[in-house]
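Each chain is listed here by its residues.
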Amino acid sequence: LMIGAHKLINKVKFHAIPIGIVSNLDKVLLNRQLQMLKLDQEFDVVVGAEDGKPIKPHIAPLIEAISTLKLRPEKDIWFIGDTITTDIKCANAAGC
């Protein structure tokens, strides 16, 4: 977990800003990691890789998260990534 991540998540939640994760990690593994980090209750949506579904940089997982949160990609999204090429391609393709 990156330094300052807990603090950032707490500030975002304090201001009632919806927050989610879109990851290429297997969804079961992703949920286990969130539990281990005591972050499993912090996110409004968690989208991980599942068999047969596209992964980033395809826009499908990001659009799933955006739709779940009832947001608009062109106005409502701050996309923070840890993989420059994959995350930037995904965000740009989704209109974020």
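The following refers to the structure shown. (Residues numbered from 1 in each chain as written. Predicted model: local features only at pLDDT ≥ 70, side-chain atom pairs only at ≥ 80, totals over all residues. Heavy atoms only, no water.)

## A short note on helix 1 (residues 5-14)
Along helix 1, the residues that are buried comprise Ala 5, Ile 9 and Val 12. Looking straight down helix 1, one finds its buried side chains confined to an arc of 65 degrees; they lie on one side. Away from its buried face by more than 90 degrees, helix 1 exposes Lys 7 and Phe 14. Downstream of helix 1 by one or two residues, Ala 16 has phi in the positive range, about 55 degrees. (Buried < 20%, exposed > 50% of the residue type's maximum accessible area, 1.4 Å probe, protein only. Helix = DSSP H or I, 4+ residues; strand = E, 2+ residues; numbered from the N terminus. Arc of directions from axis to C-beta.)

## With respect to the nonpolar core
Formed by Val 22, Val 45, Val 47, Leu 62, Ala 65, Ile 66, Leu 69, Ile 77, Cys 90 and Ala 94, the largest nonpolar core amounts to 10 residues. A per-element tally of this core places helix 3 (residues 60-69) first, with four residues. If near-sequence neighbours (up to four positions away) are discounted, Val 45 is found in contact with Ile 19, Gly 20, Ile 21, Ala 65, Thr 68 and Leu 69. By size, the runner-up hydrophobic cluster in this structure holds nine residues, among which are Val 12, Ile 21, Leu 34 and Val 46. (Core = buried A, V, L, I, M, F, W, Y, C linked by side-chain atoms within 4.5 Å. Contact = heavy atoms within 4.5 Å.)

## Comments concerning unusual backbone geometry
Note that the residue after Lys 56, namely Pro 57, is joined by a cis bond; omega there is 20 degrees. By the element assignment, Pro 57 lies in the loop between strand 2 (45-49) and helix 3. In this structure, Ala 16 is a non-glycine residue whose phi angle is positive, near 55 degrees. Following the sequence through the fold, Ala 16 ends up in the loop between helix 1 and strand 1 (20-26). Despite not being glycine, Lys 38 shows a phi value in the positive range, around 60 degrees.

On their own, these measurements won't tell you what the molecule is for.
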